[in-house]
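Below are the chains, spelled out letter by letter.
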Amino acid sequence: EQYVPEKEVVSIPGWQASVSLDVKDTVETGEEDEEELYCQRSKLFRFKEGEWKERGLGDAKLLKHKETGKVRFMLRQDKTMKIVANHFVIDIAPYCSLSLNSGSDK
């Protein structure tokens, strides 16, 4: 048997790619202008159709914008980095009334 070493194909004669992909040095997440106030590994659930359903697992963060001072809650899934929660934290009575749910242990 004759050994043929493998070669990396970087171009094919007579063919041109219709799209060129540029490799970026850094990826912007939207968190660059924010200070991390709190971070904890968490599971996010939502109550739908009479039962709790899991929405994601990852780091739950409270982020404060350096210029505006607004605080937001954000949870990004670990593996896909998909944002599953992104909410402003507002100090107004009907929006910030958090309490334990006595009917669930989650």
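Scroll up for the structure.
The shown structure was predicted, so the numbers you read here are calculated from the model rather than taken from an experiment. (Residues numbered from 1 in each chain as written. Predicted model: local features only at pLDDT ≥ 70, side-chain atom pairs only at ≥ 80, totals over all residues. Heavy atoms only, no water.)

Caption draft 1: Fine view of the packing of aromatic side chains. Summed over all chains, the structure comprises 1 aromatic pair. In this arrangement the basic side chain of K70 is found over the ring face of F88, its NZ or CZ atom lying 5.3 Å from the centre. (Phe/Tyr/Trp six-rings, centres within 6.5 Å; stacked < 30°, edge-to-face > 60°. Lys NZ or Arg CZ within 6 Å of the ring centre and 35° of its normal.)

Caption draft 2: Expanded view of the sheet that holds strand β1 (residues 34-48). With antiparallel pairing, the 4 strands of this open sheet are ordered in space as β1-β2-β3-β4. Strands with a single pairing partner mark the edges of an open sheet, and in this sheet they are β1 and β4 (83-88). Within the sheet, the average angular offset between the axes of one strand and its neighbour, ignoring direction, is 25°. Of the pairings in the sheet, the one linking strand β2 (residues 51-65) to strand β3 (residues 71-77) comprises 7 bridges and is antiparallel in character. Each bridged residue has a counterpart across the sheet, and for A60 the counterpart in β3 is L75. (Pairing = 2+ DSSP bridges. Helix = DSSP H or I, 4+ residues; strand = E, 2+ residues; numbered from the N terminus. Axes fitted to C-alpha atoms, helices over the stretch in contact; angles between N-to-C directions.)

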